[in-house]
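# Coordinate analysis (summary)
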Amino acid sequence: MPRTVVFETTGGPEVLTVRDTPLPEPGPGELRLRVAAIGLNRAEALFRAGTYLEEPELPATLGYEASGTVEAVGEGVTGFAAGDPVDTVPAFDLNDYGVYGTHVLVPARAAVHRPRGLTPVQGAAVWMSYLTAYGALAEDGHLRPGDHVLLTAAASGVGLAAIRTARRLGAVPIATTRTRAKAPALLDAGAAEVIVTGEEDLLARVHDATGGRGVRTVFDPVAGPGVLTLARTVAPGGRLIVYGRLDPRDTPLPGQDTFAPVTSRFYSMHEVTRDDERLRRARAFVTAGLADGTFTPAVDRVFAGLDAVAEAHRYLEAGTQTGKIVVTVDDDADEAAGGVAGG
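What counts as what
- Residues numbered from 1 in each chain as written.
- Predicted model: local features only at pLDDT ≥ 70, side-chain atom pairs only at ≥ 80, totals over all residues.
- Heavy atoms only, no water.
- Helix = DSSP H or I, 4+ residues; strand = E, 2+ residues; numbered from the N terminus.
- Buried < 20%, exposed > 50% of the residue type's maximum accessible area, 1.4 Å probe, protein only.
- Contact = heavy atoms within 4.5 Å.
- Areas by Shrake-Rupley, 256 points an atom, 1.4 Å probe, with all protein chains shown as cover.
- Lys, Arg positive; Asp, Glu negative; His and termini not counted.
- Charge placed at Lys NZ, Arg CZ, Asp CG, Glu CD.
- Polar contact = N/O pair within 3.5 Å; in protein donor to acceptor, adjacent residues only side chain to side chain.
- Axes fitted to C-alpha atoms, helices over the stretch in contact; angles between N-to-C directions.
- Parallel < 35°, antiparallel > 145°, perpendicular 65-115°, else oblique.
- Nonpolar A, V, L, I, M, F, W, Y, C, P; charged D, E, K, R; others polar.
- Core = buried A, V, L, I, M, F, W, Y, C linked by side-chain atoms within 4.5 Å.
- Phe/Tyr/Trp six-rings, centres within 6.5 Å; stacked < 30°, edge-to-face > 60°.
- Lys NZ or Arg CZ within 6 Å of the ring centre and 35° of its normal.
- Pairing = 2+ DSSP bridges.
- Salt bridge = Lys/Arg side-chain N within 4 Å of Asp/Glu carboxyl O.

This brings us to the overall build of the protein. Helix and strand counts for the protein come out as 11 helices and 16 strands. Expressed along its principal axes, the backbone C-alpha trace of the protein runs to roughly 60 × 40 × 35 Å. In the protein, which comprises 343 residues, the proportion classed as buried is 55%. Put simply, 70% of the contacts in the protein that link residues at least 6 apart link residues at least 24 apart. Carbon and sulfur atoms make up 52% of the accessible area of the protein, which totals about 14000 Å². Of note, the protein has its 32 positive side-chain charges centred 7 Å away from the centre of its 43 negative side-chain charges.

So this is what it looks like as structure tokens:
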């Protein structure tokens, strides 16, 4: 029987439960997928906690990113057929759709044919990260070959994708991390420099790495008061892009202390995924990078079975991962006493 992760109240990972649900039938423009793997994202933890951009309409499910097989096709859908291996991209609201389940509905425009050579686990680990990096760094042409880009909290799935995206654009990525243990993975991904913020002077290191010029772009998921320091690393005419709120404190106007000529903005990956033409370009960019080996899905840990989803969320919120957290979906495992964490 189909099973779905739901929550009836906002809160910590413990509010997530798995329930038997009817088999959903796709409506016009929809696909039904048999899910093989789910990629976890911090946005989903915020949605579960009631602190995301949209409030959950309870009871709610969640999930942007999954890999699976098309089971049924709704009226008016073209380009997909039963049996097609597909991945989902975050091109919908969590109050309308969610992929934390064994059988789920998604809008057809949010599905992509899985690129050749990717496993379901890899397919669930690639699109959110690379689409986020693409939209911020590549879409408008601001970041140019030879430019330096500062990527903060870079050990996340998005951070690693941003390193590889910057390299594909010919830019020079400088990555930051709070712990030295994550530095080797950042260097392996292509970072030209890694700054351990708990041990090193950020401004001095960026000054040295850029020959005193500063960076063209900062790509930051943290926000909060720290943006004032980040703004001081940006070269005149450069840009500070904030795409998350890991620091829940208020975010001041960057550059206000020095009146530096820095453009700042908040950015959401939905700017790309909700625009058909931008999404088409993004898919082409990511698919090309996967095909030539420039882009690689970075998977930190795999949890087995939907019953492991609360444990996987606790691991996500601990912030110790380097890359993506994935939950595999298996009927046999789900029908047992519970999923077993692995990897």
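This brings us to the side chain of Thr-4. Residue position: Thr-4 is located in strand S1 (residues 3–6). Within polar-contact distance, the side chain of Thr-4 engages the side chain of Thr-21 at 2.9 Å. Residues contacting Thr-4, with those up to four places away along its chain left out, are Thr-17, Val-18, Arg-19, Thr-21, Thr-61, Tyr-100 and Gly-101.

With that settled, consider unusual backbone geometry. Between Leu-58 and Pro-59 the backbone carries a cis peptide bond, its omega angle lying at -10°. One non-glycine residue, Ala-153, lies in positive phi territory at about 45°. When its relative accessible area of 28% is taken as the criterion, Ala-153 is described as partly exposed. You will see that Ala-223, though not glycine, has its phi angle at about 65°, which is positive. You can see Ala-223 is positioned in the loop between strand S11 (215–220) and helix H7 (227–231). By relative accessible area, which is 2% here, Ala-223 ends up buried.

Turning our attention to the packing of helix H1 (residues 42–49) against helix H10 (residues 309–318). Remark: H1 packs on H10, axes separated minimally by 10 Å, with the N-to-C direction vectors making an angle of 110°. By the criterion of interaxial angle, the relationship of H1 to H10 is roughly perpendicular. Residues Arg-42, Glu-44, Ala-45 and Arg-48 of H1 form the contact with H10, whose own contacting residues are His-313, Leu-316 and Glu-317. Of the residues belonging to the contact of H1 with H10, the class tally is two nonpolar, one polar and four charged.

For the rest of this paragraph, the subject is the side chain of His-148. When you line up the elements, His-148 lands in strand S8 (residues 148–151). In this structure the side chain of His-148 is engaged in a polar contact, spanning 3.4 Å, whose partner is the backbone oxygen of Ala-209.

If you look at the biggest cluster of nonpolar residues, it comprises 87 residues, and the most contacted ones within it are Leu-31, Ile-163, Leu-186 and Phe-219. With eight residues, the top contributor of residues to this core is helix H3 (residues 127–137). Setting aside chain neighbours within four positions, we find Leu-186 in contact with Ala-154, Ala-155, Leu-160, Ile-163, Ala-175, Thr-176, Thr-177, Ala-191 and Val-194. Grouped together as the second largest cluster of nonpolar side chains are 15 residues, Leu-150, Ala-223, Leu-230 and Leu-240 included.

Quick look at the packing of aromatic side chains now. Evaluation of the coordinates by the stated rule reveals 10 aromatic pairs. Seen in terms of ring centroids, Tyr-134 and Phe-285 are 5.1 Å apart; in terms of plane orientation they differ by 45°. Their pairing is tilted. Remark: Phe-285 occurs in helix H9 (residues 276–291) and Tyr-134 occurs in helix H3; sequence separation between them is 151 residues. What makes Phe-285 buried here is its relative accessible area of 16%. Here the aromatic residues Tyr-130, Tyr-134, Phe-285 and Phe-295 are joined through ring pairs into a cluster of three or more. Over the ring of Phe-285 we find Arg-168, and its NZ or CZ is 5.9 Å from the ring centre.

A word on the sheet that holds strand S9 (residues 172–177). The strand order S10-S9-S8-S11-S12-S13 describes an open sheet built from six strands, whose pairing is parallel. Of all strands in the sheet, those with a lone pairing partner are strand S10 (193–196) and strand S13 (263–266), marking the two edges. For this sheet the average axis-to-axis angle between neighbouring strands, irrespective of direction, equals 15°. Strand direction decides the pairing type here: S8 and S11, joined by three bridges, are parallel. Opposite Leu-151, over in S11, you have Phe-219 as the bridge partner.

The subject of this paragraph is the pattern of salt bridges. Enumeration according to the criterion identifies 24 salt bridges in this entry. Residue Glu-317 is joined to Arg-48 by a salt bridge in which the shortest nitrogen-to-oxygen separation is 2.6 Å. Of this pair, Glu-317 sits in helix H10 while Arg-48 sits in helix H1; the two residues are 269 residues apart in sequence, bridging distant segments of the chain. Residue Glu-317 is classed as partly exposed on the basis of its relative accessible area of 37%. Connected via shared salt-bridge partners are Glu-139, Glu-277, Arg-278, Arg-280 and Arg-281.

Bear in mind that shape data such as this cannot, by itself, settle questions of function.
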